[in-house]
Amino acid sequence: MQDEARSITADYIKGVHKKILLLVALLVVVFVVGVYAIVQGSYDIELRDILLVLFGGGRGASRVVIASIRLPRVVAALVCGAGLSISGLSIQSLLKNPLGSPSTLGISQGAAFGAASAIVVFGSKAISVTAFAFLGAMTATLVILGLASFRRLSPEAIILAGVALSSLFASATILIQYLATETELAMVVFWTFGDVARSNWREIALTTVLVFVAALYLMALRWDLNVLSLGEETAKGLGVKVERIRFSGMVAAALVSALTTAFHGVIAFVGLIAPHMARQLVGDDHRLLIPFSAVLGALLLLTADTFGRILIGSGALPVGVITSFLGAPMFLYLLVRGYR
């Protein structure tokens, strides 16, 4: 009996080591794709110049192009992808619903409505657009949390409420576009596309800090999330304060997705796809699921942005278009599988 237990323990430890090695391999892939993304562009840059700039050296036009244009875009894609993926994972785990994500709960659509309102009212002031987008996203979150708290909605009902809220905000955004001038309409449409090239280093740093704090918070809840995956009643029986964890986790997810959307526009489906990819690799253990989701989300968004730049050649294809093309089939697949 003891030998069998030791064998099971050894197999478990071996499996964990393999998954850790896989995580390291994914990080290497992220680095390689990041360097490749910096190389791509109308201005030719040698790999040696990239490495010099990354390690604090380099000079001239190459340093300006890398440090001021291409590197911020790559870092923004990594941070934004990781943040959206963590938000989606948190929503899916807390609601026990595979369709949960910032897009399906109306958070992204709320940000789009806030940005459209700011553009039409205040013109092209970047600060007001960002602030109103963040306010719109948090408004959608507060409505969902309010319904969940006061009406005691089930996780399934929360998703349905999010879909209804998404439709409401989308309709309101269309109304604003109808009332806008041609210039304002073009600005609203461009903002809703989603683009990781529009943020500066200060905004990237702020997003990075918030994503890092949210990831640490979820890691602190990793055991509670594992227990919650066994069922709400089981979790309560084991002493997990489900309502408090669900509220705090949803707020953390909403803050990350709201700030990301406010700075970079609507980037759909990353928060839906990446957590499911991570589950296929490591299962439902949140000790590994959280870092894998963050890395896969970063890799997914960086790859999509790089592909869009290569496809067009000028870098004009918004990354939100690419992720929507990738995410829509995945969303339909999850719906069909869930129905079955």
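Residues numbered from 1 in each chain as written. Predicted model: local features only at pLDDT ≥ 70, side-chain atom pairs only at ≥ 80, totals over all residues. Heavy atoms only, no water.

**Student:** Lay out the overall build of the protein chain with the relevant residues and their values.
**Tutor:** When you go through the protein chain residue by residue, the secondary structure sums to 14 helices and 0 strands. Moving toward the C terminus, one meets the helices and strands of the protein chain in the order α-α-α-α-α-α-α-α-α-α-α-α-α-α. Buried positions account for 49% of the 340 residues belonging to the protein chain. Contacts in the protein chain between residues at least 24 apart in sequence constitute 76% of all its contacts with a sequence separation of at least 6. (Helix = DSSP H or I, 4+ residues; strand = E, 2+ residues; numbered from the N terminus. Buried < 20%, exposed > 50% of the residue type's maximum accessible area, 1.4 Å probe, protein only. Contact = heavy atoms within 4.5 Å.)

**Student:** So what's going on with the side chain of Gln 92? Which residues, and what values?
**Tutor:** Within the fold, Gln 92 resides in helix H3 (residues 60-95). A polar side-chain atom of Gln 92 sits 3.0 Å from the main-chain carbonyl oxygen of Gly 100. Engagement of the side chain of Gln 92 in a polar contact is seen with the side chain of Arg 279, the distance being 2.8 Å. Contact partners of Gln 92, with chain neighbours within four places excluded, come to Asn 97, Pro 98, Gly 100, Gly 271, Leu 272, Pro 275, His 276 and Arg 279. (Polar contact = N/O pair within 3.5 Å; in protein donor to acceptor, adjacent residues only side chain to side chain.)

**Student:** Which residues make up the nonpolar core, and what values do they have?
**Tutor:** Residues Trp 191, Ile 267 and Leu 301 are the most contacted members of the largest nonpolar core, which totals 93 residues. Here this core gets 15 residues from one element, more than from any other, and that element is H3. (Core = buried A, V, L, I, M, F, W, Y, C linked by side-chain atoms within 4.5 Å.)

**Student:** Which residues make up helix H12 (residues 270-282), and what are the values?
**Tutor:** Taking 1.5 Å per residue as the helical rise, H12 with its 13 residues ought to reach 18 Å, and the 18 Å between its terminal C-alpha atoms agrees with that figure. Three or more residues of H12 are buried, namely Val 270, Gly 271, Leu 272, Ile 273, Ala 274, Pro 275, His 276, Ala 278 and Val 282. In the segment just after H12, Gly 283 is the residue with positive phi, at about 85°. (Expected span 1.5 Å × (residues − 1).)

**Student:** Can you lay out unusual backbone geometry for me, pointing to particular residues and giving the numbers?
**Tutor:** Here the phi dihedral of Lys 96 falls at roughly 50°; this positive angle occurs in a residue that is not glycine. With respect to the helices and strands, Lys 96 occurs in the loop between H3 and helix H4 (107-122).

**Student:** I'd like a rundown of the packing of H4 against helix H7 (residues 182-193), residues and numbers included.
**Tutor:** Packing of H4 against H7 brings their axes to within 10 Å, and their N-to-C directions diverge by 155°. Relative to H7, the element H4 lies roughly antiparallel. Seen from above, H4 lies across H7 with right-handed handedness. Within the contact between the two elements, H4 uses Ala 111, Ala 112, Ala 115, Ala 116, Ile 119 and Val 120 and H7 uses Glu 184, Met 187, Val 188, Trp 191 and Thr 192. Considered class by class, the residues forming the contact of H4 with H7 number 9 nonpolar, 1 polar and 1 charged. (Axes fitted to C-alpha atoms, helices over the stretch in contact; angles between N-to-C directions. Parallel < 35°, antiparallel > 145°, perpendicular 65-115°, else oblique. Left-handed = near helix turned anticlockwise from the far one by under 90°. Nonpolar A, V, L, I, M, F, W, Y, C, P; charged D, E, K, R; others polar.)

**Student:** Tell me about the packing of helix H8 (residues 201-220) against helix H13 (residues 286-312), residues and numbers included.
**Tutor:** Running from amino to carboxyl end, H8 crosses H13 at an angle of 165°, the nearest separation of the two axes being 9 Å. Taken together, the axes of H8 and H13 are roughly antiparallel relative to one another. With respect to the hand of their crossing, H8 and H13 are arranged in right-handed fashion. Along the contact surface, H8 presents Ala 215, Leu 218 and Met 219, while H13 presents His 286, Arg 287, Ile 290 and Pro 291. Partitioning the contact of H8 with H13 into residue classes produces 5 nonpolar, 1 polar and 1 charged.

**Student:** Account for the pattern of salt bridges, with residues named and values stated.
**Tutor:** For the structure shown, the criterion picks out 5 salt bridges. In this structure, the salt-bridge partner of Asp 195 is Arg 73, at a minimum N-O distance of 4.0 Å. Of this pair, Asp 195 sits in the loop between H7 and H8 while Arg 73 is found in helix H3, placing the two residues 122 residues apart along the sequence. Each member of the pair, Asp 195 as well as Arg 73, carries the same accessibility label: buried. (Salt bridge = Lys/Arg side-chain N within 4 Å of Asp/Glu carboxyl O.)

**Student:** Lay out H4 in plain terms, naming residues and giving numbers.
**Tutor:** In a regular helix each residue adds 1.5 Å, so 16 residues correspond to 22 Å; H4 covers 22 Å between its end C-alpha atoms and thus fits that length. Regarding H4, the residues found buried are Ile 107, Ser 108, Gly 110, Ala 111, Ala 112, Gly 114, Ala 115, Ala 116, Ser 117, Ala 118 and Ile 119.

**Student:** I'd like a description of the packing of aromatic side chains, backed by residues and values.
**Tutor:** Between two aromatic rings, the relevant description is the distance of the centres plus the angle of the planes. Tallying each qualifying case throughout the model produces 1 aromatic pair. Each ring, one from Phe 113 and one from Phe 169, has its centre 5.6 Å from the other, and the planes form 40°; the classification is tilted. Separated by 56 residues along the polypeptide, Phe 113 in helix H4 and Phe 169 in helix H6 (residues 155-179) bring together distant segments of the chain. (Phe/Tyr/Trp six-rings, centres within 6.5 Å; stacked < 30°, edge-to-face > 60°.)

**Student:** If you had to explain the confidence of the model for the protein chain to someone new, which residues and values would you point to?
**Tutor:** Averaged over every residue, the pLDDT of the protein chain is 82; the share at 70 or more is 89%. Mean pLDDT across the secondary structure elements of the protein chain bottoms out at helix H14 (residues 319-339), with 71, and peaks at H8, with 92. (pLDDT = per-residue confidence, 0-100.)

**Student:** A description of the environment of Asp 285 should follow, citing residues and the corresponding values.
**Tutor:** Take Asp 285: it is sitting in the loop between H12 and H13. On a C-alpha basis, the gap between Asp 285 and Trp 223 in space is 8.6 Å, while along the polypeptide they are 62 residues apart.

**Student:** Describe the environment of Lys 96, with residues and values.
**Tutor:** For Lys 96, a relative accessible area of 41% puts it in the partly exposed group. The sequence separation of Lys 96 and Ser 229 amounts to 133 residues, and the corresponding C-alpha distance is 6.9 Å. In contact with Lys 96, other than residues within four places in its own chain, are Ile 91, Leu 228, Ser 229 and Gly 231. Of note is the side chain of Lys 96, whose polar atom sits 3.1 Å from the backbone oxygen of Ser 229.

**Student:** Tell me about a nonpolar patch on the surface, and please be specific about residues and values.
**Tutor:** On the surface, a nonpolar cluster with roughly 850 Å² of combined accessible area is contributed by Ile 20, Val 24, Val 28, Phe 31, Val 32, Leu 47, Leu 51, Leu 54 and Phe 55. Counting only elements with at least two residues in the nonpolar patch, the list comes to helix H1 (2-39) and helix H2 (47-54). When residues in the nonpolar patch are grouped by element, the largest group, 5 residues, is from H1. Assignment of secondary structure puts Ile 20 in helix H1. A relative accessible area of 39% means that Ile 20 is categorised as partly exposed. (Patch = residues over 30% accessible without salt bridge, like charges linked within 9 Å, V, L, I, M, F, W, Y side chains within 5 Å. Areas by Shrake-Rupley, 256 points an atom, 1.4 Å probe, with all protein chains shown as cover.)

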